[in-house]
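# Chains, contacts and geometry: an overview
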Amino acid sequence: MSRIAASTQSARPPAPADILELLKPITWFPPMWAFMCGVVSSGAPVTDRWFFLIAGIALTGPLVCGTSQAVNDWFDRHVDAINEPDRPIPSGRVGGRWGLWIAIAGTLLSMAVALVTGFWVFVATCVGLACAWGYSAPPFRFKTSGWTGPAVVALSYEGLAWFTGAAVMLGTLPGLEILLILGLYSLGAHGIMTLNDFKAVEGDRQMGLRSLPVTMGVDRAAKFACVVMAAPQAVVIALLLAWDHPISAAAVAVLLLAQFALMPRLIADPKKNTPWYSATGVTLYVLGMLAAALGLGGYI
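Below you will find a few notes about this structure. (Residues numbered from 1 in each chain as written. Predicted model: local features only at pLDDT ≥ 70, side-chain atom pairs only at ≥ 80, totals over all residues. Heavy atoms only, no water.)

## Quick notes on the nonpolar core
Condition: By nonpolar core we mean a set of buried residues, namely Ala, Val, Leu, Ile, Met, Phe, Trp, Tyr and Cys, connected to one another through side-chain atoms within 4.5 Å. Remark: exposure states derive from per-residue accessible area (1.4 Å probe, protein chains only) relative to the maximum for the residue type, with buried under 20%, exposed over 50%, and partly exposed in between. Secondary structure counts use DSSP, requiring at least four H or I residues in a row for a helix and at least two E residues in a row for a strand, with both numbered from the N terminus. Every residue pair with non-hydrogen atoms within 4.5 Å of one another is taken to be in contact.
Counting 75 residues, the largest nonpolar core has Trp 162, Tyr 185, Leu 195, Val 236, Val 252 and Met 289 as the members making the most contacts within it. Ranked by residue count, the leading element in this core is helix 8 (residues 148-170), at 11 residues. Those residues in contact with Val 252 that lie beyond four places of it in its chain are Tyr 185, Gln 233, Val 236, Ile 237, Leu 240, Gly 288, Ala 291 and Ala 292.

Right under this line is the structure:
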């Protein structure tokens, strides 16, 4: 803890490699995938909107998502000093208040890029940034709740990123069909975020974090996560059929059935099998997102 106290005093600028580690590039993939789904679902030709496409990729990946990681690491620096002392801030590699300054700079830069990209992209970016700060920073600290924490992350990583992709390509507010599908996949992603909490049940209990595995128990939380992931996909299938996208609906249905086949193993031992399900079942889930987007965009 003394190292953390010292690290918030003046310090030299951090190395670029340490800043990049702070921004956690590995976490950029999920929102960038959702952004791609938004681009596809718009049905708009990419060749006409290259500048906006590149700006949107930057927003959903290194800017907004990267900023959220910096915000999280800054406000969790005392906990990380215990659990992950080699992280850039507790290790002193990003010393002083540089972690906070990087988070603020990322916020302002994200808003500036979004502002020149379009009104609805700017709105989505502001909501995403508000979620990023509210998730980690007091007085909100949404992450302490097993309900609001996963909901905020699911909305940011899936819904807002998808919305941004569609808005970037259309240059206006996406249509109702796109909004309904991205909303459903955001809802289902709440279950995916709940799975992430199984790896830290004891630590969350000790730190007073009320994740669903802590409050509901591991077994019930695993079953709940499966229901939350599956139910929205069933609605997606029904909507795609109603909107005359049978091939897209069939693809999502096949992927959902494959998830059903994997879920019993997850439920049997959630702590042990969550990493396995994240690599298999969650992959099927996000492939379903793309299948739905292809239908909405008129590609299948």
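After that view of the structure, there is still more to cover.
## Here's the deal with the side chain of Glu 158
Among the secondary structure elements, Glu 158 is positioned in helix 8. Under the relative-accessibility criterion, Glu 158 is labelled buried at 5%.

## Let's talk about the packing of aromatic side chains
How we decide: Any two rings among Phe, Tyr and Trp, with Trp reduced to its six-membered ring, count as a pair given centres within 6.5 Å; such a pair is stacked if its planes are under 30 degrees apart, edge-to-face if over 60, and tilted if neither. A positively charged side chain is recorded as over a ring if its NZ (Lys) or CZ (Arg) lies within 6 Å of the ring centre. The angle to the ring normal must also be within 35 degrees.
Counted under the stated rule, the structure contains 10 aromatic pairs. Aromatic side chains Trp 120 and Phe 163 sit 6.4 Å apart centroid to centroid with 70 degrees between the ring planes, which places their arrangement in the edge-to-face category. In this pair, Trp 120 is assigned in helix 7 (residues 119-136) and Phe 163 in helix 8, connecting sequence segments 43 residues apart. Look at Trp 120 and you get partly exposed, because its relative accessible area is 31%. Between Trp 147 and Phe 224, the aromatic rings sit 5.3 Å apart at their centres with planes inclined by 80 degrees, giving edge-to-face as the arrangement. Taken together, the residues span a long stretch of sequence, with Trp 147 in the loop between helix 7 and helix 8 and Phe 224 in helix 12 (residues 218-242) at a distance of 77 residues. For Trp 147, a relative accessible area of 47% corresponds to the partly exposed category. You can call Phe 224 partly exposed: its relative accessible area is 24%. Between Arg 49 and the ring centre of Phe 52, over which it is positioned, the NZ or CZ distance is 4.0 Å.

## Digging into helix 3 (residues 29-42)
Heads up, the rule is: An expected span of 1.5 Å times one less than the residue number is assigned to each helix.
The end-to-end C-alpha distance of helix 3, which contains 14 residues, comes to 20 Å, matching closely the 20 Å that a straight helix rising 1.5 Å per residue would cover. With 10 of 14 residues buried, helix 3 is to be regarded as a mostly interior element. Every buried residue of helix 3 is accounted for by Pro 31, Trp 33, Ala 34, Phe 35, Cys 37, Gly 38, Val 39, Val 40, Ser 41 and Ser 42. Positioned one or two residues after helix 3, Gly 43 has a phi angle of 75 degrees, which is positive.

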